[in-house]
Structures are given as C-alpha cells and as structure tokens.
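For reference, the chains in residue letters:
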Amino acid sequence: MKQKHPHSSKTDTDVIRPRIIAFEITQRCPLRCRHCRAAAHQGGTDSLSTEQCKRILDGIVDFNKCVIILTGGEPMERGDIFELIGYGKNLGLRMVMATCGFHINDQSIQQLKEAGILAFSFSLDGATPKTHDAFRGIEGAFESVLQTVEKAKQAGVRFQINTTITRHNLHEVPAIADLAVQLGAYCFNPFILVPVGRADELRDLILEPDQYEQLLKDMAALKQNTPIEVRLTCGPQFARVARQEKIDGADRITGCLAATGFAFISHTGEVHTCGFLDISAGSLIDNGYDFADIWLHSEYLNSLRDHSRYQGACGSCGYLPYCRGCRARAYTMLGDYLQQDPICKLARPMKGARK
C-alpha cells in the first residue's frame, strides 16, 4: 500500500523530490569573481551556525536522501567544514563540494576524504591563466585550480570542471573541454550566464540568441564525441537541441530543474529554486527546519510546476515539457519568472527587457 507523506495529500510516489540540493554555507571567499551570483568576498559572513546547518541537513534527509552540494562563497572558509561533511554523510546524504581550491592542500584533502566528500566541482573560465584569472579577479587562480585537481586525483576523489560561458570566453569552450578531459575530469559542465549578483554588471557579455543556439549545437556534437560526461546548467534549451540533433541519449536530457529536481538553500536558510533566482519560497529557520513543508506547499514553487502558467514563447512552445526555459533569466531580464527565456532563439521580441 502506498504511504502518504505527512505534509501532502499525494502518495509518496507522486511527490516531486529534489535529486540535488545546493547549500550555500558561507558568503566568504578569497576571490572576487566577476560573475559571482552571491557577490562573495573575503569579508563575507557565515550567517548560519554549525547547529543550524545540521538541523537543515536533518530536515532535508527527513524528506529525501539526495546529493548535497556545499557551496558559497568558498565552503573551505568555514572552520566546521569537515564536521558538516561528516554529519551529512552519517545521515545518508551524498556530500559534494563546489570549491575554488585555494584552501585544499595535502592535509585538508585527506580530511575531506575521511569526512566523506564524494566529489568536487572546480571552475575553469578560460583555457589559459590570462583569461581565467581575469574573470576570477585574482592572479594565480588558474594555477591554483590545476594544483588542486592534482591533489584530488592523488586522493582518488573525482571531480568535474564547470565553466561560466559569456561572450568573453565563448571561443575558448572547445579548448576548455579538451583541458577537462586532459585533467581527468569525469564531467564538463558549462553554465550559461545569468545576470545576478556581481554578474548584473556583465549584461553586455550575455550571449545573443544566435550565438547561444550555435553553442547548443556545438555542445550536442561535443557530447557525442567527448569521452567524459557533458552537461549544461542554466542552458535548458540543450534538451530541445539534443532532440533536434537526434544525439544518443537525448531523451534523458532535461531542461530547467527549478522546483522539481533541484533546490537551493541560501546562507540564511531560505529555500530557493536555484541560486540564480532570488525569490524565497520560505525560511527553514522560521518554520522549524521543515524542508518538506516548504517544498510541497509553497505557492511560488507550485506555480513553477504548472506549465499552463508559463508566458511568452515558453507558454506556447512544444518543447516546454522538457525544456521549461531558464526561469532565472526570465526573472532577472524580463522581471517575471514565468516569462520566456530571453536568449532562446524561439523567444519573441518584448518591450521592457533589461539590457
């Protein structure tokens, strides 16, 4: 007999549960990346105590045992990072980390592994020190990533390479993908720029629809011919193009996961659909750390799950069920999270779009 979740009128098999939750545990970071959605910096703060972080993890595991991405800021800035990883692991959560690598050395990599970290994501926004360091705001950032990659490999911890794509580095994407393979990454995961945080100042670097469409086609070819996994984040139209190009496994490629397969918890304990869409569905601190209650009952989250409410080109698009457009770009550039994704080639011209 199917069991009902205590917070829902649906049965457990009907409940949409996030497979991945990113948990922003700090706003401190040694870098000042031009595109940082958190606008993190060295003088940032840890708003949540160790105990609060643990209670948030408790609330998540009560609803679903999923992947937890510890992010920030730079997670290694927290003195309790090993404790939090170990706590999450003991709950049955799969703990991974997004890190710039500055604080990972021979000692800390072993501590991370012993605590239970399963994987890292490292960012390379250029194929050379010149382009990467310029984007990351500090000299030596590129070399630091390469050194940390080697430590991860020596420790036997797998990693992926993330790249935020703008007009600044669009031409370097093939070289960055090649570098990811050479370094031994298991996945190459480009992010398509969303202009939030410090990236609000990079609106002139957002891809034009034609540039973006060509990139999607190039990524489809890359996915077919690269020996490692290739994924896109904030590039939901990849689900459409993969099907149009009829690449292997296209039917398994999904678009925007907002309010379905992915959630984001902010450094103050607010539940969001992702880190790029700054609308809170509710505070875990205020509601007693009940993640399920927010996830299931938020009118905002449920509106994102209702495709009949989508507007513009997205509202009438035949690809909507598996693409959904980028809800964060719709919000930051058009002011409405249910509007069309403005960089999609199928989007209609609109007045009032923020440039």
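What you see is a predicted model, and the numbers here were worked out from it, not measured in a lab.

Among the 8 residues that make up strand β5 (residues 158-165), 7 are buried, leaving the element largely enclosed by the rest of the structure. Across 5 bridges, the pairing between strand β4 (residues 119-123) and β5 is parallel. The partner of phenylalanine 122 across the bridge, within β5, is isoleucine 161. Handedness of the crossover is the feature at issue here: the chain leaves β5, passes through helix α6 (residues 173-183), returns alongside strand β6 (residues 187-192), and the resulting connection is right-handed.

Now for the pairing of strand β2 (residues 67-71). For β2, the buried fraction is high: 4 of the 5 residues fall into the buried class. Where strand β1 (residues 20-24) meets β2, 5 bridges bridge the pair, whose relative direction is parallel. In the sheet register, phenylalanine 23 faces β2, and the bridge partner there is leucine 70. For β2 and strand β3 (residues 94-98), the ladder comprises 4 bridges, and the chain directions are parallel. Considered in β3, the bridge of valine 67 is made with arginine 94. Handedness of the β2-helix α2 (residues 81-91)-β3 crossover: right-handed.

Moving on, we get to the packing of helix α4 (residues 129-136) against helix α5 (residues 141-155). Close contact between α4 and α5 brings their axes to 7 Å; oriented N to C, the two are set at 105°. Here α5 runs roughly perpendicular to α4, going by the angle between their axes. Where α4 approaches α5, its residues Pro129, His132, Asp133 and Arg136 are matched on the opposing element by Ala141, Phe142 and Val145. Looking at the contact of α4 with α5 residue by residue, the classes come out as 4 nonpolar, 1 polar and 2 charged.

Once that is clear, we can look at the environment of aspartate 218. For aspartate 218, the location among the structural elements is in helix α7 (residues 209-225). Of the residues examined, aspartate 218 reaches a relative accessible area of 41% and is grouped as partly exposed. Distance in space between the C-alpha atoms of aspartate 218 and proline 174 is 8.9 Å, their sequence separation being 44 residues.

The subject of this paragraph is the sheet that holds strand β8 (residues 262-265). Spatially, β7-β6-β5-β4-β3-β2-β1-β8-β9-β10 is the arrangement adopted by the 10 strands of the open sheet, whose pairing is mixed. Unpaired on one side and paired on the other, β7 (229-230) and β10 (282-283) mark the two borders of the sheet. Direction of pairing for β1 relative to β8: parallel, over a ladder of 4 bridges. Residue pairing for β8: phenylalanine 23 is matched across the bridge by isoleucine 265. In this fold α7 packs onto β5, β6 and β7, with an angle of close to 170° to the strand it touches most, β6.

Now for α2. Every buried residue of α2 is accounted for by Ile81, Leu84, Ile85, Gly86 and Gly88. Buried positions along α2 lie against α1 (50-63), β2, β3 and α3 (106-115). Glycine 92 occupies a position one or two residues after α2 and carries a positive phi of about 95°.

With 88% of its residues at a pLDDT of at least 70, the protein reaches an overall mean of 90. Within the model, pLDDT remains below 50 along residues 1-13, and this stretch shows 24 contacts once partners closer than five positions in the same chain are excluded.

Here we take up unusual backbone geometry. Of note, the bond from glycine 72 into glycine 73 is cis; its omega dihedral lies within 30 degrees of zero at 20°. Relative to the elements of secondary structure, glycine 73 occurs in the loop between β2 and α2. The phi dihedral of alanine 259 is positive, around 70°, even though this residue is not glycine. Within the fold, alanine 259 resides in the loop between α8 (238-244) and β8. For tyrosine 289, which is not glycine, the phi torsion reads 65° and is therefore positive. Along the polypeptide, tyrosine 289 turns up in the loop between β10 and α9 (291-297).

Quick look at the pattern of salt bridges now. Once their charged atoms are close, side chains differing in charge can pair, the charge on each being opposite to the other. This structure, assessed with the given rule, holds 10 salt bridges. Among the ionic pairs, glutamate 83 bridges to lysine 54, the shortest N-O distance being 2.6 Å. Here lysine 54 lies in helix α1 and glutamate 83 lies in helix α2, a separation of 29 residues in the sequence. Looking at glutamate 83, the relative accessible area reads 41%, which means it is partly exposed. Between arginine 309 and glutamate 299 there is a salt bridge, with its nearest N and O atoms 2.8 Å apart. Of this pair, arginine 309 sits in the loop between α10 (299-305) and α11 (312-315) while glutamate 299 sits in helix α10, and the two are 10 residues apart along the sequence.

What follows is about the side chain of threonine 273. For threonine 273, the position within the fold is in the loop between β9 (270-272) and β10. With residues up to four places along the chain from it excluded, the contact list for threonine 273 reads Ala258, Ala259, Phe262, Ala263, Phe264, Tyr300, Leu301 and Leu304.

Reading the values: rules and limits
- In this numbering scheme, every chain counts its residues from 1 along its sequence in written order.
- Only residues with pLDDT of at least 70 get local features here, since the model is predicted, and only at 80 or more are side-chain atom pairs given and counted; chain-wide, interface and lining totals rely on the full set of residues.
- Just so you know, side-chain values use all the structure's heavy atoms and leave hydrogens and water out.
- Relative accessibility thresholds used throughout: buried, under 20% of the residue-type maximum; exposed, over 50%; partly exposed, between the two (1.4 Å probe, protein chains only).
- Helix and strand definitions here come from DSSP, where helices need a minimum of 4 consecutive H or I residues and strands a minimum of 2 consecutive E residues; each element is numbered from the N-terminal end.
- Think of it this way: DSSP has to see at least two bridges between two strands before they count as a pair.
- Call a crossover right-handed when, viewed with both strands pointing away from you, the route from the first strand across the helix to the second goes clockwise.
- Each axis is a line fitted through C-alpha atoms, taken for helices only over the stretch in contact, and angles between the N-to-C directions span 0 to 180 degrees.
- Small angles under 35 degrees read as roughly parallel and large ones over 145 as roughly antiparallel, with 65 to 115 read as roughly perpendicular and the rest as oblique.
- In this analysis, two residues are considered to be in contact whenever any of their non-hydrogen atoms come within 4.5 Å of each other.
- Each residue gets one label: Ala, Val, Leu, Ile, Met, Phe, Trp, Tyr, Cys and Pro are nonpolar, Asp, Glu, Lys and Arg are charged, and the others, such as Gly, are polar.
- A residue's pLDDT is the confidence the predictor assigns to it, expressed on a 0 to 100 scale.
- A side-chain nitrogen of Lys or Arg and a carboxyl oxygen of Asp or Glu constitute a salt bridge if their distance falls within 4 Å.

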